[in-house]
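Descriptive analysis of the structure
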Amino acid sequence: KVAFYCADCRSLGIQILPPDVNSSQWDFSIEDKPGQPSAIRFGLGAVKNVGREPVDLILAAREAGKFKDLNDFIQRVNLQKVGKRTLEFMIKVGAMETFGPRKALLEVMDAMVSISGSHFRAAECGQLSIFGGETGVAEDLHLPENTILDPREQLEWEKELIGLYVSDHPITAFLPLIRTKITHFSKDLAQAADREKVVVAGIITKMRRLNTKNGNEMAFATLEDIQGSIELVIFPKVWEKQSSLVHMDAVLFAEGKVDSASGDAKILVDLFRPIRPEDVTDEMRQQALEIPDIPSTSTEYQSGQADNDLPEDAFL
């Protein structure tokens, strides 16, 4: 539901901001910036396995003002009480990117917890902090340089821990092509009539193969676009011809008929088409910049008018 609501906000031009230890509350909140439209900020509580107590520790420390840098954060928040698991998940979703790159932060996470714990133990004993006091002694944590994180891995972390892609989406680069070829985005399928012919597009995120009573192989798959997920049913004839195209992380057009008689709309697939980076032309990118928002239906294929016998180059 969160993914659906976020997609709805984006379609209305409302910006969704990622979790941030310097800006987020426990729950979702409205964030106002001078001269800019209001945005919705993800709450830290929306991150998987992040509990209320660790978040309350961070929020209480932030009452004195935003954290200036990583060392300030370590000194003001007892990370041993926050816990390594919570810290890891917050780093992975980008909630601490204000302090540095995610991979670099993960590499020094143990040191962060250790230094923070030492500081708070010393404070509890009435000793001078290792971050400095009258003696001028200080221990600063420096992030490693040249840490490169695979963008795909970063998106997978976001999807796993908050249920959707926040910083980007795997199909973003293909949108200039996709938006001119499809009839529906995922959230619009509920409006389609049963057995209506449609064209959708997205990335394959789940797959399940099975055999029919006759022993023929077929499959079910989940196609994800920027607004949500679409369930695909791939019967044996289509699967036999096009199974090589349908695999995890494949970006595809799927043409078929809507099946909404049994509940949520699914697509009975007649045809798949791969989407390649080279198919997105500069002209398409320029046209996309001139379109202020994502339409609910395509400018090329109006709902109910897709043809099952499209020529081979119809999508290219």
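Numbers given for residues are sequential positions, taken from 1 along each chain in its written order. Under the rules for a predicted model, residues below a pLDDT of 70 receive no local features and side-chain atom pairs below 80 are neither given nor counted, while totals for whole chains, interfaces and linings still include all residues. Hydrogens are left out, water is left out, and the side-chain values use all remaining heavy atoms of the structure.

As a further point, take the environment of D270. Its location among the elements puts D270 in strand β8 (residues 266-274). The cut-offs for exposure are 20% and 50% of the maximum accessible area for each residue type, with area from a 1.4 Å probe on protein chains only; residues under the lower value are buried, those over the upper are exposed, and the others partly exposed. Given the relative accessible area of 26%, D270 is considered partly exposed. Between the C-alpha atom of D270 and that of E255, which follows or precedes it by 15 residues, the distance is 5.8 Å. Counted as a polar contact is a pair of N or O atoms within 3.5 Å, where, for protein atoms, one must be capable of donating a hydrogen and the other of accepting one, and residues adjacent in sequence contribute only when both atoms are in side chains. At 3.1 Å, the side chain of D270 and the side chain of K257 are in polar contact. Where helices and strands are cited, they refer to DSSP runs of H or I of at least four residues and of E of at least two residues respectively, numbered from the N terminus.

Now for the sheet that holds strand β1 (residues 16-17). With respect to topology, 3 strands assemble into an open sheet ordered β1-β3-β2, the strand pairing being mixed. Looking at which strands have only one partner, the edges of the open sheet turn out to be β1 and β2 (29-31). A pair of strands is labelled paired if DSSP reports no fewer than 2 bridges between them. Here β2 runs beside strand β3 (residues 39-41); their pairing, made up of 3 bridges, is antiparallel. Bridged to I30 within β3 is I40.

A few words now on helix α8 (residues 151-162). Helical geometry note: an α-helix holds 3.6 residues per turn, so side chains three or four residues apart project in the same direction. Expected helix span is computed as 1.5 Å times (number of residues minus one). With 12 residues, α8 should cover 16 Å at 1.5 Å per step; its first-to-last C-alpha distance of 16 Å lies within 8% of that length. Those residues of α8 that fall on the buried side of the exposure criterion are Q154, L155, W157, E158, L161 and I162. Down the axis of α8, the buried set is contained in an arc of 155 degrees. They therefore lie on one face. In this fold, the buried residues of α8 make contact with α5 (84-92) and α6 (102-107). Looking one or two residues past α8, G163 carries a phi angle of roughly 90 degrees, positive in sign. To be clear, the arc concerns the directions from the helix axis to the C-beta atoms. When checking whether two residues touch, look at their non-hydrogen atoms; a contact exists if any pair is within 4.5 Å.

Okay, the environment of A221 next. Relative to the helices and strands, A221 resides in strand β5 (residues 217-225). Residue class for A221 comes out buried when judged on its relative accessible area of 2%. Along the chain, A221 and T205 lie 16 residues apart, while their C-alpha atoms are 7.6 Å from each other. For A221, the contacting residues outside a window of four places in its chain are I204, K206, M207, I230, E231, L232 and I234.

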